[in-house]
Amino acid sequence: MQAATKDDAERKQVTVLFADVSGSMDLAEQEDPEEWRKIMQRFFSMLGESVTRFEGTVDKFTGDGIMAIFGAPVAHEDHARRASYAALRMLDDVAEYAAELRRAKGLNFSTRIGINSGEVVAGAIGQTGDGYTAIGHTVGLAQRMETLAEPGKAYLTEHTAELVRGYLDLNDLGEFEIKGASRPVQVFELTGVGAARSRLDLARERGFSRFVGREEELSRLGDALRRARSGEATAVGVVAEPGIGKSRLYHEFAERCRSEELEVFEAQAQAHAQSSPFLPILQMLRSFYGIGDRDPEQLARERIAGRSLLLDPSFADDLPLVFDFLGVPDPDRPVPRMNPDGRQRALADFLCRLVSNPARRKTLVLIVEDLHWIDDGSQRMLHGLIEGMSGTPTLVLVNYRPEHSPPWSDSPAFEALELQPLDQEDTAKLLRDLAGKDPSLDGLDEPIHERTGGNPFFIEEIVRELAESGYLEGERGAYRLARPIEDAGVPVTVQAVLSARIDRLTPHAKQLLQVASVVGKEVSGQALGLAAGLDEEEMEEALRELIGAGFLYEAEMYPQRVFAFRHPLTREVAYGTQLADQRAATHAAAAQALIQLNPDRLDELSALIADHFRQGNETLEAARWSARAGHWAGHSRPRDALRLWHQVTELADELEVDEETDAMAIASRLAQLQYAWRVGMELDEQARLLSEAEEIAGRRGDLHSLTLLRLTASALPGVQRHTDEWLAAVEETRRLADESGDRHLQVAIRAAGAYAYLCAADFDGYERTLDEMIELAGGDPTVGAGVVIHSPMAWAEMGKGMVRREQGDLDGAGEYFERALRLALDADDPETTSWIRSNQAGLLAMRGDVEAGLALARRNCELTKRIGEVFSRSLAIANLAWAQLAAEEFGDALESIEEADRIYREAMKVGGEMEAWRAQLRAQALTGLGRTDEATEEAKWAVRVSRERGLLWSLPLSLLSLGRALNVAGREEAATEALGEAERVARETGALACLADIEAERDAVGARARR
Ligand SMILES: Nc1ncnc2c1ncn2[C@@H]1O[C@H](COP(=O)(O)OP(=O)(O)O)[C@@H](O)[C@H]1O
Ligand SMILES: [Mg+2]
């Protein structure tokens, strides 16, 4: 089997930066070219340095500038911040150099920078494969920002602003019409570094959400603190994926510590600062000595010296080193000469002595966040500190992501604490706080919990995204749902975090994750291996990594290993980062893997397999498997079946014409027509399907299909035509089938056509047709099964029962219905079963056992709901109405009958051959409720329709209902007239049961007249 082929290009969220020298052409003329070249080189190297310093990639030189990408090839979750920092640095460096050039040569020289963030396709271009670049609208917009920018400034778009707000200072310049952009773009000038350092700072700025849950974790931290205070130094490492709440937990705990007058010092490693070493240690020492960024150097030195010497006068020797390290070197006391290594060791040693100094009595709480980003130097120092702190009142709190493991993790003083996502209850509390309590938000808890996997950062961002894109209206903490959230996308902020994590996986793990995202929410290990084309060892290793980093978990272990995504958002992002071609290849490989691994479950999986093939652009296979799935869905899930057959038609139409695709084109249309009258389809659409199929069958000279199509067309119920016409068509097709000598066709056309006789109240013709079917089938229930009616023999027995009922032989009817029910149940045919139950319920009511009739009718309604078929469902509800009328529950009956009529009309756009029958039931209900005028109107309508279309079965019933309505309205004369006609028709058609009812109504009229 062919494993998914790998193109290295990917869809990525990145930030693109353009920088150039403004007016360079004029300048070039003023200078000697050789000199000019040197200046430009210097200029380029400055830009390039700023880019590499923040781990961006210089994509290309544009002649007088550069284009750089941040976030590709390796994703960084803070790509927009990195680009902004790089821009600030460029502006500074260039300004400095420009001033120099102005002084020395009188040259005028400045840079402009444009930045934008968004999706690009990034990858190698060209045959050598070394030209890595990014392509997409995002790039063009960045370039436009550059052209827009004034000299010496950096402009960025709203897309970047959204990602950096708080971390950087921006000046809103308003909206600009940009060529090539469909709507105006909000533009910002980048003015400096902002106050926020971390996501938590940002959250604090926006106003923290209410803190939920975490009681147990806080109490474990409390225990650790107690130990530390008693002199048993302790280190705790909180481990969790980004956004789970590591920082927030420490923040809450630090607040508690501070309220107990404890000293807490905080530091954090930064994603973009790996290249500037010792930042966390510097931060920690600065806060320990209480020095701020803008303090004068002298003051800073005094604080450092004061606090150190107070602890231990012997620290005096270390001061020059510490001053220097903290960026406030003392001109009078230079640092002794040392190599960088020696210097580091000396500092580490100082740090240890500082922490372990016996003179220190107060408990120290040190928090170092985000160790997964820490530089090696800081890591070593921290390690030394932890080893040296034993026996002192020290609590070191660190946190990091699961993919990291600190080097001291087996030290006895260390304790790891895995932070779990919020459970559904806490998620609901957080949502209440963020979104409010409006009733329209009920029911959001579960989908949001499911989508975010209980990650509070994702929850916050999703709520923000929903509000920004108009799904939620109102204000924070008081939103209303404006439209359903199903199609809401992944917030860019979340996408940045997730895609960066995915990119940092090893190539196999990343590949496997992408494949898994294509295969499904849950994937069997074997299918995954096959679709990814990895061998067992590679698979195991990659899986271990993915599970360890919290992307996947093992949902089942036996009999098969099944892996599932920890949250759907990861899957969406992993899916979205792949190129369409690559994704398609994986879909096709997944289909093949399913086939190979599940030889016994192919029917059940056929729809899924078809779907993978379809998304894998393997149209023929997709059509074949959709057809199999359509068969399998069959009569038990008609809606799915209709959808699948429709899919086969579409797929077959895409394919080149040959014998197989023509056969699929015909069969799929035929099948759709079979579901048309059951599930609903507009008549035009039905006619179109029919003529298309006839055209293809004609071209092929396929007589069998032509006969089948004719049969289907002639027998279709629901068409608004006269029963004479209907019966003539049935007769003609019956002849055609008999000529073919195909028993299946002969039985099928009789099964379908019999219904026309019933509607025309030709009870003899009806029974004769049913008897012929029984004879032709010769006891084999499979003959003709499924062509139109799923179990023709059950249908025949039921029909014979109905004839008995119409003739007033209720016992005989009951026996036939029983037999029919057994056959339908044996054939596993819920549809015919529901029709029989409808009849049985009506029969019970007729016999006076109203309660039992009602109960059966109700249960039947429930069962038909599950089949999902409109024809049967409407019929079942109408029959319930019939039973309700018998029970004199007129209000309920009216409701039922209106529902039955509504669902039929909504699905079919017409009322069908039962509309008059339903109307006369409605008239009866209205009469029962005393609304006789409406009842009269309704009954008259039923009479008219029955007459016009030759629906002689519903005609006497409609006339009877009319008579009853008129009688109750006090119009005895008109009532008598209607009943007279009812009697005439009933006698003509032999509807004896109806005659009895008419007689009873006549008596009622007489009684009324006598009063
Ligand atoms: N228990 C909690 N209750 C309410 N909000 C929380 C909770 N934990 C985290 N948050 C919020 O979720 C966001 C992400 O939390 P943070 O602590 O920054 O995650 P991490 O440090 O694990 O990446 C923050 O805005 C934070 O305020
Ligand atoms: Mg954090």
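Residues numbered from 1 in each chain as written. Chains lettered and ligands numbered in written order. Predicted model: local features only at pLDDT ≥ 70, side-chain atom pairs only at ≥ 80, totals over all residues. Heavy atoms only, no water.

**Topic: the overall build of the chain**
- Along the backbone of the chain there are 42 helices and 18 strands.
- Relative to the 2.2 N^0.38 estimate, which gives 30 Å for 1011 residues, the radius of gyration of the chain is 40 Å and therefore markedly larger than a compact globule would have.
- Projected onto the principal axes, the alpha-carbon positions of the chain cover approximately 125 × 70 × 55 Å.
- Looking at the chain alone, contacts between residues at least 24 apart form 68% of all its contacts between residues at least 6 apart.
- Within the structure as shown, the chain displays about 44000 Å² of accessible surface, and the carbon and sulfur contribution to it stands at 48%.
- Of the side chains in the chain, 115 bear a positive and 171 a negative charge, and the two mean positions are spaced by 3 Å. (Helix = DSSP H or I, 4+ residues; strand = E, 2+ residues; numbered from the N terminus. Rg over C-alpha atoms; globule rule 2.2 N^0.38 Å. Contact = heavy atoms within 4.5 Å. Areas by Shrake-Rupley, 256 points an atom, 1.4 Å probe, with all protein chains shown as cover. Lys, Arg positive; Asp, Glu negative; His and termini not counted. Charge placed at Lys NZ, Arg CZ, Asp CG, Glu CD.)

**Regarding the side chain of T15**
- Following the sequence through the fold, T15 ends up in strand 1 (residues 10–22).
- Assessed through its relative accessible area of 0%, T15 is described here as buried.
- Within the local environment of T15, its side chain forms a polar contact with the backbone nitrogen of A80, the two atoms lying 3.4 Å apart.
- A distance of 2.8 Å separates a polar atom in the side chain of T15 from a polar atom in the side chain of S117.
- Setting aside chain neighbours within four positions, we find T15 in contact with A68, I69, F70, H79, A80, A83, I115, N116 and S117. (Buried < 20%, exposed > 50% of the residue type's maximum accessible area, 1.4 Å probe, protein only. Polar contact = N/O pair within 3.5 Å; in protein donor to acceptor, adjacent residues only side chain to side chain.)

**A look at the sheet that holds strand 11 (residues 364–369)**
- Across the sheet, which stays open at both edges, the five strands sit in the order 10-11-12-9-13 with parallel pairing between neighbours. Only two strands of the sheet have a single neighbouring strand rather than two, namely strand 10 (263–268) and strand 13 (414–418). Geometrically, the sheet is characterised by an average inter-axis angle of 15 degrees between neighbouring strands, direction not taken into account.
- The sheet contact formed by strand 11 and strand 12 (residues 394–400) spans five bridges and is parallel. (Pairing = 2+ DSSP bridges. Axes fitted to C-alpha atoms, helices over the stretch in contact; angles between N-to-C directions.)

**Points about the packing of aromatic side chains**
- A full pass over the atoms with the stated rule returns 17 aromatic pairs.
- Residues F43 and F44 carry aromatic rings whose centres are separated by 6.1 Å and whose planes lie at 40 degrees to one another, so their mutual orientation is tilted. Across the pair, F44 and F43 agree in class, each one buried.
- Ring centres of F278 and F325 lie 5.9 Å apart, and the angle between their planes is 75 degrees; this geometry places the pair in the edge-to-face category. With F278 in the loop between strand 10 and helix 9 (279–289) and F325 in helix 11 (residues 319–325), the pair connects residues that are 47 residues apart, well separated along the chain. (Phe/Tyr/Trp six-rings, centres within 6.5 Å; stacked < 30°, edge-to-face > 60°.)

**Considering the site of ligand 1**
- The local shell around ligand 1 holds 21 residues, among which R199, G243, S247, R248 and E460 are the closest.
- The contact in question runs from an oxygen atom of ligand 1 to an N or O atom on the backbone of I244, over 3.4 Å.
- About the coverage of ligand 1: the protein hides 98% of its 550 Å² of free accessible area.
- If you list the elements that add at least two residues to the shell around ligand 1, you get helix 6 (199–206), helix 8 (246–259) and helix 16 (456–468).
- For the shell around ligand 1, a count of residues per class yields ten nonpolar, four polar and seven charged. (Near = heavy atom within 4 Å. Nonpolar A, V, L, I, M, F, W, Y, C, P; charged D, E, K, R; others polar.)

**Quick notes on the pattern of salt bridges**
- On inspection of all chains with the given rule, the structure shows 80 salt bridges.
- Notably, a salt bridge pairs E415 with R220, separated by 2.9 Å at the nearest N-O pair. Taken as a pair, E415 in strand 13 and R220 in helix 7 (residues 215–229) lie far apart in primary sequence, 195 residues in all.
- Residue classification places R220 among the partly exposed positions, given a relative accessible area of 33%.
- For D426, the salt bridge identified is with K429, shortest N-O distance 3.6 Å. (Salt bridge = Lys/Arg side-chain N within 4 Å of Asp/Glu carboxyl O.)

**Quick word on the sheet that holds strand 16 (residues 522–524)**
- If you trace the three strands from one edge of the open sheet to the other, you get 16-18-17, paired in antiparallel fashion. The open sheet has two free edges, formed respectively by strand 16 and strand 17 (552–556), since each of these has just one partner strand. Here the average twist between neighbouring strands, direction ignored, is 35 degrees.
- As judged from the three bridges shared by strand 16 and strand 18 (residues 562–565), these two strands associate in the antiparallel manner. Across the sheet, S524 pairs through a bridge with V562, a residue of strand 18.
- Contacts between helix 19 (residues 525–532) and the sheet are confined to strand 16 and strand 18, with strand 16 contributing the most and set at about 80 degrees to the helix.

**Details of the pairing of strand 12**
- Burial runs high along strand 12: seven of the seven residues are buried.
- Where strand 9 (residues 234–239) and strand 12 come together, six bridges link them in parallel fashion. Considered in strand 12, the bridge of V236 is made with L397.
- One crossover worth recording links strand 11 to the parallel strand 12 by way of helix 13 (residues 376–388), and it is right-handed. (Right-handed = clockwise from strand over helix to strand, strands pointing away.)

**Side note on the confidence of the model for the chain**
- Overall, the prediction assigns the chain a mean pLDDT of 88, with 97% of residues at 70 or greater.
- Contacts from residues 1–6, a stretch scored under 50 in pLDDT, to residues over four places away or in other chains number 17 contacts. (pLDDT = per-residue confidence, 0-100.)

**What about the packing of helix 18 (residues 507–519) against helix 20 (residues 536–548)?**
- Remark: helix 18 packs on helix 20, axes separated minimally by 8 Å, with the N-to-C direction vectors making an angle of 80 degrees. Taken together, the axes of helix 18 and helix 20 are roughly perpendicular relative to one another. Along its contact with helix 18, which presents H508, A509, L512 and L513, the element helix 20 presents E538, M539, A542, L543, E545 and L546.
- Broken down by class, the residue content of the contact of helix 18 with helix 20 amounts to seven nonpolar, one polar and two charged. (Parallel < 35°, antiparallel > 145°, perpendicular 65-115°, else oblique.)

**Description of the side chain of S954**
- Relative to the elements of secondary structure, S954 occurs in helix 40 (residues 954–968).
- Residue classification places S954 among the buried residues on the basis of a relative accessible area of 5%.

**So, helix 23 (residues 602–615)**
- Here helix 23 is 14 residues long and its end C-alpha atoms lie 18 Å apart, about the 20 Å a rise of 1.5 Å per residue gives.
- Taking the largest bend as the criterion, helix 23 deviates by roughly 30 degrees, centred on L608.
- Of all the positions in helix 23, only L602, L605, S606, I609, A610, H612 and F613 are classed as buried.
- At its buried positions, helix 23 is contacted by helix 18, helix 22 (580–597), helix 24 (619–633) and helix 25 (638–654).
- Following helix 23 by one or two positions, N617 has its phi on the positive side, about 60 degrees. (Expected span 1.5 Å × (residues − 1). Bend = angle between axes of the 7 residues up to and from the residue.)

**Thoughts on unusual backbone geometry**
- The linkage connecting A72 with the following residue, P73, adopts the cis geometry, with an omega of 0 degrees.
- Mapping P73 onto the fold places it in the loop between strand 3 (65–70) and helix 3 (79–105).
- Despite not being glycine, E55 shows a phi value in the positive range, around 60 degrees.
- By relative accessible area, E55 is classed as partly exposed at 34%.
- With a phi angle near 60 degrees, D370 is a residue other than glycine that sits in the positive phi range.

**Description of the pairing of strand 2 (residues 57–61)**
- Strand direction decides the pairing type here: strand 2 and strand 3, joined by four bridges, are antiparallel. Bridging from a neighbouring strand, F61 pairs with I66 of strand 3.
- Once strand 2 ends, the chain turns through three residues before running back antiparallel as strand 3, passing G63 with a positive phi of about 100 degrees.

**With respect to helix 42 (residues 992–1010)**
- Between its terminal C-alpha atoms helix 42 stretches 27 Å, which fits the 27 Å expected from 19 residues at 1.5 Å a residue.
- Listed as buried for helix 42 are A993, C994, L995, I998, E1001 and V1005.
- Packing partners of the buried residues in helix 42 comprise helix 32 (792–806), helix 34 (830–846), helix 40 and helix 41 (972–989).

**Describing the packing of helix 15 (residues 445–452) against helix 21 (residues 568–576)**
- Close contact between helix 15 and helix 21 brings their axes to 5 Å; oriented N to C, the two are set at 55 degrees. Classified by the interaxial angle, the pair formed by helix 15 and helix 21 is oblique. In this structure, helix 15 uses E450, R451 and T452 to contact helix 21, whose residues at the interface are P568, L569 and E572.
- Looking at the contact of helix 15 with helix 21, its residues break down into two nonpolar, one polar and three charged.

**Structural notes on the environment of P406**
- Within the secondary structure, P406 is located in the loop between strand 12 and strand 13.
- A residue is classified by how much of its surface remains accessible, and P406, at 3% relative accessible area, is buried.
- Distance in space between the C-alpha atoms of P406 and E96 is 41 Å, their sequence separation being 310 residues.
- For P406, the residues in contact, after removing those within four places along its chain, are L371, Y400 and F414.

**Some thoughts on the environment of C352**
- Secondary-structure assignment places C352 in helix 12 (residues 340–356).
- When the C-alpha positions of C352 and D503 are compared, they lie 37 Å apart, and in sequence the two are 151 residues distant.

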